[in-house]
There are 2 protein chains.
Amino acid sequence: MITNKNCIIRLSRYKNALYRLQALGFVKVFSDNLADSVGSTASQVRKDFSLFGISGNKKGGYQIDILLEKLNSILGKDQLQKVIVIGAGHIGSALMRYRGFEKEGIKILGGFDIDPAKINRNSVVPILPLEEVKAFIKAQGIKIAILAVPDIAAQQAVEMITGAGIKGVLNFAPLRLKDVEGCIINNVNLEIELENLIYFVNVEAKIK
Amino acid sequence: MITNKNCIIRLSRYKNALYRLQALGFVKVFSDNLADSVGSTASQVRKDFSLFGISGNKKGGYQIDILLEKLNSILGKDQLQKVIVIGAGHIGSALMRYRGFEKEGIKILGGFDIDPAKINRNSVVPILPLEEVKAFIKAQGIKIAILAVPDIAAQQAVEMITGAGIKGVLNFAPLRLKDVEGCIINNVNLEIELENLIYFVNVEAKIK
DNA sequence: ATCATATTGTTACTATTTTCACAATAACCA
DNA sequence: TGGTTATTGTGAAAATAGTAACAATATGAT
Ligand SMILES: NC(=O)c1ccc[n+]([C@@H]2O[C@H](COP(=O)([O-])OP(=O)(O)OC[C@H]3O[C@@H](n4cnc5c(N)ncnc54)[C@H](O)[C@@H]3O)[C@@H](O)[C@H]2O)c1
Ligand SMILES: NC(=O)c1ccc[n+]([C@@H]2O[C@H](COP(=O)([O-])OP(=O)(O)OC[C@H]3O[C@@H](n4cnc5c(N)ncnc54)[C@H](O)[C@@H]3O)[C@@H](O)[C@H]2O)c1
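A.B. asks: What am I meant to see in the site of ligand 1 here?
C.D. replies: Neighbouring residues of ligand 1: 26 residues in total, closest Ile91, Asp113, Lys118 and Val149 of chain A together with Tyr98 of chain B. Contact distances for ligand 1 include 2.7 Å between an oxygen atom and a side-chain N or O atom of lysine 118 of chain A. Mapped onto the shell around ligand 1, the elements with two or more residues apiece are helix 5 (90-97), strand 4 (106-113), helix 7 (151-163) and helix 8 (190-207) of chain A together with helix 5 (90-97) of chain B. For the shell around ligand 1, the class distribution of residues is 18 nonpolar, three polar and five charged.

Rendered as structure tokens:
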């Protein structure tokens, strides 16, 4: 079982590139085409596929539609992925208004907030009171949540939603949440992303 | 010169943890304390420090204030980091309204948009017309930009701002931008982040 | 039908990253 | 003061990730 995060990210990139190639009318693809479109190497592409038992045709490359089917299945794109957002503030609202997730088969079913002023049951993605989140998760069988609450509220929120059945959290609050048994917590820490970028820009500047 | 991105991310985490420890009244810290607070190992902490020539005291651990000074210097936190945002839509606005960057010494000086309706020279972070971006970058000596424009606009936007002196871009558009000589492009691809999380949640579910 | 060629799939190799282990030594204690 | 102990700093080992090489083979050309 593959636990290499970068490898899975590459699979997403291959998938995206394949849709583009398909839209351009291509029916098959070679490992080096695909490598070019995602900025990788042909070896890496074949190695990645090999890890998942994906095979093509000697001299014939890979048939795009079959490849897409396999990648989509690995990535869970053969079923609609239901997601909720906790915290309907700046980031939470931006995510809920974003149309890009739907064409990726990711549907945000609702947002939840403690601030009564944020509640709106009639918006495209309804914003509901936090008290309803547990029932909602259970009723809809939701596994994935995006956490966009202030950092002081994050730990408690995670415990609440994992208690109700959430198995994966994408956390935007800039702190390390305590591991929860049976739940994967991934972080999007934009402060750290920027700090990282700044470091590498400075390093480059020093070389010259 | 260290090019290991994860290592630099860990430095950011150490730094953040050290501020928390300092706020709690601690003056010195041991590698295993620090490891605990960031979810790493004592060996990893000492190795990371060793790579940057940071040393502590045998049996005495590390003095937090000195350590912070060194980490801050490595991470470029000893000077204000000026940033601009291209695209004042949902994500761009959320970022510009976010107060969290300032306490990290990161200041968003302005946003730029092609849509005249978005322009607002009087908001806390002024939103200016895109035509002014080149002059602004040069006048203010800006090196870092956050790109929050629709994907079709992203490539052209990058070329424009790198031409004016931008050396690092944090790109939110879900596509691979062509490398630009002398500029580092890091991506925050939230579709892929979610896809990744979904994969690992599914894998966990299958194990059981 | 045969041959030359292009491309895969996998194994072997290399590089990078993390972990381990322990000598060196500063701090503390009796 | 001398001995004991806790902790660092680092080089060696292990684990992980990525690259290269090439045998196997399907395809298309003649
Ligand atoms: N906005 C950004 O650009 C940005 C950038 C980096 C990190 N972040 C992080 O993302 C998180 C959200 O940021 P934001 O700017 O959207 O903040 P925000 O204040 O705009 O929104 C937070 C929302 O969460 C709600 N909330 C508070 N406690 C809650 C709880 N227990 N349960 C449910 N909802 C709750 C609030 O009512 C508010 O609507 C924060 O942790 C912030 O540090 C934001
Ligand atoms: N909103 C999200 O939650 C979200 C999630 C994932 C990815 N993204 C990506 O982030 C980017 C921005 O998303 P958004 O939701 O903020 O979009 P948005 O449409 O709300 O905002 C985009 C803004 O960019 C401006 N713009 C267009 N072309 C421009 C140009 N050439 N120069 C300057 N400004 C220009 C538009 O006028 C608009 O104000 C997109 O690439 C999107 O795919 C957004």
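Don't stop here, the text continues.
A.B. asks: Looking at this structure, how should I read the sheet that holds strand 7 (residues 168-171) of chain B?
C.D. replies: Strand pairing in a sheet relies on backbone hydrogen bonds. The paired strands run either parallel or antiparallel. All names here are of chain B. Taken in spatial order, the six strands of this open sheet run 5-4-3-6-7-8, and their pairing is parallel. The open sheet is flanked by strand 5 (127-129) and strand 8 (184-187), the only strands paired with a single partner. The average angle at which neighbouring strand axes cross in this sheet is 25°, direction not considered. Pairing geometry for strand 6 (residues 144-147) and strand 7, over four bridges, is parallel. Within strand 7, the residue paired with isoleucine 146 across the bridge is leucine 170. Against the sheet, helix 7 (residues 151-163) makes contact with strand 3 (81-86), strand 6, strand 7 and strand 8, and its axis sits at roughly 165° relative to strand 6, the strand it touches most.

A.B. asks: How do you make sense of the protein's contact with DNA strand D when you look at a structure like this?
C.D. replies: Lining the immediate environment of DNA strand D, one finds 21 residues, of which Ser31, Arg46, Ser55, Gly56 and Lys58 of chain B sit closest. Each atom of DNA strand D within 4 Å of the protein belongs either to a base or to sugar and phosphate, the latter forming 60%. Asparagine 4 of chain A has a polar side-chain atom sitting 3.3 Å from a phosphate oxygen of DNA strand D. Here a phosphate oxygen of DNA strand D sits 3.4 Å away from a polar atom, N or O, in the side chain of serine 50 of chain B. Listed by contribution, the elements that provide at least two residues to the surface near DNA strand D are helix 3 (42-51) of chain A together with helix 3 (42-51) of chain B.

A.B. asks: Teacher, can you tell me more about the protein's contact with DNA strand C here?
C.D. replies: Close to DNA strand C lie 21 residues, the nearest being Ser31, Arg46, Ser55, Gly56 and Lys58 of chain A. Counting only atoms of DNA strand C within 4 Å of the protein, the fraction found in sugar and phosphate groups is 60%. Contact between DNA strand C and lysine 59 of chain A: a base oxygen at 2.8 Å from a side-chain N or O atom of the residue. Among the secondary structure elements, those contributing two or more residues to the surface near DNA strand C are helix 3 of chain A together with helix 3 of chain B. Looking at the surface near DNA strand C, the element that brings in the most residues is helix 3 of chain B, giving four residues. When the residues that make up the surface near DNA strand C are grouped by side-chain class, the tally is two nonpolar, 10 polar and nine charged.

A.B. asks: Looking at this structure, how should I read the relation of the copies chain A and chain B?
C.D. replies: The second copy of the chain is related to the first by a rotation about an axis and a shift along the axis. Mapping chain A onto chain B leaves a residual RMSD of 0.1 Å; the transformation is a rotation of 180° accompanied by 0.0 Å of translation along its axis. These values place the two chain copies in the arrangement generated by a two-fold rotation axis. The residues that chain A uses at the interface reappear at the interface of chain B in 100% of cases, marking a shared surface.

A.B. asks: Help me understand the pairing of strand 3 of chain B in this model?
C.D. replies: Along any regular strand, the residues point their side chains to alternate faces of the sheet. All names here are of chain B. Within strand 3, five of the six residues are buried, which leaves it mostly tucked inside the rest of the structure. Of the pairings in the sheet, the one linking strand 3 to strand 4 (residues 106-113) comprises six bridges and is parallel in character. Along strand 4, the bridge assignment pairs glutamine 81 with isoleucine 106. Handedness of the strand 3-helix 5-strand 4 crossover: right-handed. Pairing geometry for strand 3 and strand 6, over four bridges, is parallel. Directly across from valine 85, in strand 6, lies its bridge partner isoleucine 146.

A.B. asks: In this structure, what is going on with the packing of aromatic side chains? I would like to understand it.
C.D. replies: Geometrically, a pair of aromatic rings is defined through the distance of the ring centres and the angle of the planes. Residue and element names in this part refer to chain A. Summed over all chains, the structure comprises 12 aromatic pairs over all chains. Summarising the aromatic geometry, the rings of phenylalanine 112 and phenylalanine 136 are spaced 5.2 Å apart at their centres and angled 70° between planes, so their arrangement reads as edge-to-face. Here phenylalanine 136 lies in helix 6 (residues 133-140) and phenylalanine 112 lies in strand 4, a separation of 24 residues in the sequence. As far as the burial class goes, phenylalanine 112 and phenylalanine 136 line up, both buried.

Criteria and cut-off values
Residues numbered from 1 in each chain as written. Chains lettered and ligands numbered in written order. Predicted model: local features only at pLDDT ≥ 70, side-chain atom pairs only at ≥ 80, totals over all residues. Heavy atoms only, no water. Near = heavy atom within 4 Å. Polar contact = N/O pair within 3.5 Å; in protein donor to acceptor, adjacent residues only side chain to side chain. Helix = DSSP H or I, 4+ residues; strand = E, 2+ residues; numbered from the N terminus. Nonpolar A, V, L, I, M, F, W, Y, C, P; charged D, E, K, R; others polar. Pairing = 2+ DSSP bridges. Axes fitted to C-alpha atoms, helices over the stretch in contact; angles between N-to-C directions. Contact = heavy atoms within 4.5 Å. Least-squares fit on C-alpha atoms with pLDDT ≥ 70 in both. Buried < 20%, exposed > 50% of the residue type's maximum accessible area, 1.4 Å probe, protein only. Right-handed = clockwise from strand over helix to strand, strands pointing away. Phe/Tyr/Trp six-rings, centres within 6.5 Å; stacked < 30°, edge-to-face > 60°.

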